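Remarks on the overall topology
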Amino acid sequence: MSAAGIVPQRCVLVLPSTAEFDSRTYRIASTLSARGHDVTVLARLAPGLPASETHPSGYRILRIPVSAMAGLPGPLRAMARLLRRPASSGRPAATVAAAGSPTPTAPARPARRRIGGLDRLAAIALTVRAQRGATHRLAPPADVVHAMAYMGIPVGLDLGRRDHAPVIYDARDIYVDAANLARLPGPARRLFARIERGWARRAQRVVTVNLPYAEVMAERFGVPQPLVVLNCAYRREPPAERPRRFHQRLGLDPATAVVLYHGGFSRDRGIEQLIEALPAFAPAVLVLLGYGPLQAELERRAADPALAGRLHVLPAVPPTELIDWVASADVVAMPIQPTTLNHRLTTPNKLFEAMAAGVPIVASDLPGMAGIVREADCGVLVDPTDPAAIGAAIGGLLALPAAERAAIGGRGQAAHLATYNWEAQAAILLAEYGRLTGRPW
């Protein structure tokens, strides 16, 4: 036992993505590593990434090659390869997006040929099967297994059985009401909900990212109310000088204001509405920082001469650098659309990152985010479906004197330092690890 009373233990985190940009995994793994624990992140391999590496924070990342094709039993896999050979593009049958949902590389089939969404569920199951089999062989022993998202938990449960270790299901969204799963036909969604409920009940603890999610999950899963561990950023004291990374990267005039959207490039995040709102906050520029399925479309729009260089698309940055990039903006916008229950209740990473950076916020007036923004008095809430309202809110903030705008951001930063910081959330999670293993973390 160390002088601080910590017993070094082994944690394996299972992640259904590459682990490059997953802030929550980074924060958990780096916290545990700094306390002397042996931490391994089991992620998914993608072109250009190493199969094994040591993160600068001290934890290991092992990346597993995963595809739906690899999840087929041997004879079926051989048959599928033969059938695919004439039209093969050299790519696997499915790749995995940042949120962990499989994205077929073949052209989408007409809706009438889909069997009630079961083809997508089958692709998910096969991808998970592939990761589970490879991970079972490669993963080191664990004292606790922390499985991220619905495509991580079946892999985590398998490792828990192997090592007789407690398993945490970190359900970061209400998945049956989120993204692609929300668009499945009713029978397929009900089938997925039943499967997920079984996973949640087999885990020793369900963890999620906010109280509204926890209340929904407790009712749907039939489990004790999940533990809430907010997606807050590490505590960050205001720097002596404000960073100007966007101005340096894009060669902007020092007087040009920057409005930032950062995160996933996908539908219903409010990106389209922000672009439509651009004329209302001229001459400021809008920077989209991230990655995802809309990237090519957004890059095409940014190249449109009609936008006169006012829209810029930049690649995602590692979690260790992100807050300095966010702090380089004048306003951070997150007009997430109220299209699903998951979105209406969300408290996204970008909210807490903007608060940590001390930048005023324009956010959706939805139950998840609104209470935090009002409590901290750190921005403006808008109807996210109305580009005019979004533009007016951003324009209004940019029109304020610099000192007044800084005061709004400063209130968010004060709330971050006092309450909404990772150090406070990590203490909650470490206590739960200790309860599950019987030894202090």
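This part takes up the pairing of strand S8 (residues 167-170). Residues Val167 and Tyr169 of S8 are buried on one face, and the alternating residues Ile168 and Asp170, pointing to the opposite face, are buried as well. The β-α-β motif built from strand S7 (residues 144-148), the intervening helix H4 (residues 153-163) and the parallel element S8 has right-handed crossover chirality. As defined by bridge partners, S8 adjoins strand S9 (residues 205-208) across three bridges and the pair is classed as parallel. Paired with isoleucine 168 across the bridge in S9 is arginine 205.

Another point: the packing of helix H3 (residues 118-138) against H4. Close contact between H3 and H4 brings their axes to 9 Å; oriented N to C, the two are set at 30 degrees. Of the possible angle classes, the one that applies to H3 and H4 is roughly parallel. Of the two elements, H3 crosses H4, and the hand of that crossing is right-handed. Note on element contacts: H4 touches H3 through Pro154, Val155, Asp158, Leu159 and Arg162, opposite Val128, Gln131, Arg132, Thr135 and His136. In terms of residue class, the contact of H3 with H4 is built from four nonpolar, three polar and three charged.

Under the definition given, this model contains eight aromatic pairs. Pairwise contacts between aromatic rings join Tyr150, Tyr175 and Phe192 into one cluster. The cationic tip of arginine 27 hangs over the ring face of tryptophan 422; the distance from NZ or CZ to the ring centre is 5.5 Å. Positioned above the aromatic ring of phenylalanine 281 is the side chain of arginine 310, whose terminal nitrogen or guanidinium carbon lies 5.8 Å from the ring centre.

Using the criterion set out here, one finds 21 salt bridges in the structure. When the shortest N-O distance is used, the salt bridge between arginine 242 and aspartate 330 registers 3.1 Å. Note that arginine 242 is positioned in the loop between strand S10 (227-228) and helix H8 (245-250) and aspartate 330 in the loop between helix H11 (319-326) and strand S14 (331-334), a separation of 88 residues in sequence. Overall, the relative accessible area of 36% leaves arginine 242 in the partly exposed class.

In this section: the sheet that holds strand S11 (residues 258-264). Pairing is parallel across the open sheet formed by six strands, whose spatial order is S13-S12-S11-S14-S15-S16. Each end of this open sheet is capped by a strand with a single partner; those strands are strand S13 (311-315) and strand S16 (379-382). Ignoring strand direction, the axes of neighbouring strands in this sheet form an average angle of 25 degrees. Two elements, strand S15 (residues 361-364) and S16, share four bridges in a ladder whose sense is parallel. Its bridge partner lying in S16, valine 362 is registered against valine 380. Against the sheet, helix H15 (residues 387-399) engages S11, S14, S15 and S16, with an angle of about 165 degrees to S16.

Bringing the confidence of the model for the chain into the picture now. In the predicted model, the chain carries a mean pLDDT of 90, and the fraction of residues at 70 or more is 88%. Under a pLDDT of 50 for its full length, residues 75-83 has, in the predicted model, six contacts with residues more than four places off or in other chains.

A cluster of nonpolar side chains, Leu118, Leu191 and Ile195, forms an exposed patch at the surface whose accessible area comes to about 230 Å². Mapped onto the fold, leucine 118 is located in helix H3.

Here we come to the packing of H11 against helix H13 (residues 349-357). Packing of H11 against H13 leaves a shortest axis separation of 8 Å and a crossing angle of 65 degrees. Here H11 and H13 pass one another in a crossing that is right-handed. Note on element contacts: H13 touches H11 through Glu353, Ala354, Ala356 and Ala357, opposite Leu322, Ile323 and Val326. Here the residues of the contact of H11 with H13 sort into six nonpolar, no polar and one charged.

What follows covers the environment of alanine 426. By the secondary structure assignment, alanine 426 is in helix H17 (residues 422-437). Exposure remark for alanine 426: the relative accessible area of 7% places this residue in the buried category. Spatially, the C-alpha atom of alanine 426 lies 7.3 Å from that of isoleucine 28, the residues being 398 residues apart in sequence.

Residue proline 283 is bonded to the preceding alanine 282 through a cis peptide linkage, with omega at 5 degrees. Here proline 283 shows up in the loop between helix H9 (271-277) and strand S12 (285-291). Unlike most non-glycine residues, alanine 149 shows phi in positive territory, near 70 degrees. Note on placement: alanine 149 falls in the loop between S7 and H4. When its relative accessible area of 4% is taken as the criterion, alanine 149 is described as buried.

Reading the values: rules and limits
- Residues numbered from 1 in each chain as written.
- Predicted model: local features only at pLDDT ≥ 70, side-chain atom pairs only at ≥ 80, totals over all residues.
- Heavy atoms only, no water.
- Buried < 20%, exposed > 50% of the residue type's maximum accessible area, 1.4 Å probe, protein only.
- Helix = DSSP H or I, 4+ residues; strand = E, 2+ residues; numbered from the N terminus.
- Right-handed = clockwise from strand over helix to strand, strands pointing away.
- Pairing = 2+ DSSP bridges.
- Axes fitted to C-alpha atoms, helices over the stretch in contact; angles between N-to-C directions.
- Parallel < 35°, antiparallel > 145°, perpendicular 65-115°, else oblique.
- Left-handed = near helix turned anticlockwise from the far one by under 90°.
- Contact = heavy atoms within 4.5 Å.
- Nonpolar A, V, L, I, M, F, W, Y, C, P; charged D, E, K, R; others polar.
- Phe/Tyr/Trp six-rings, centres within 6.5 Å; stacked < 30°, edge-to-face > 60°.
- Lys NZ or Arg CZ within 6 Å of the ring centre and 35° of its normal.
- Salt bridge = Lys/Arg side-chain N within 4 Å of Asp/Glu carboxyl O.
- pLDDT = per-residue confidence, 0-100.
- Patch = residues over 30% accessible without salt bridge, like charges linked within 9 Å, V, L, I, M, F, W, Y side chains within 5 Å.
- Areas by Shrake-Rupley, 256 points an atom, 1.4 Å probe, with all protein chains shown as cover.

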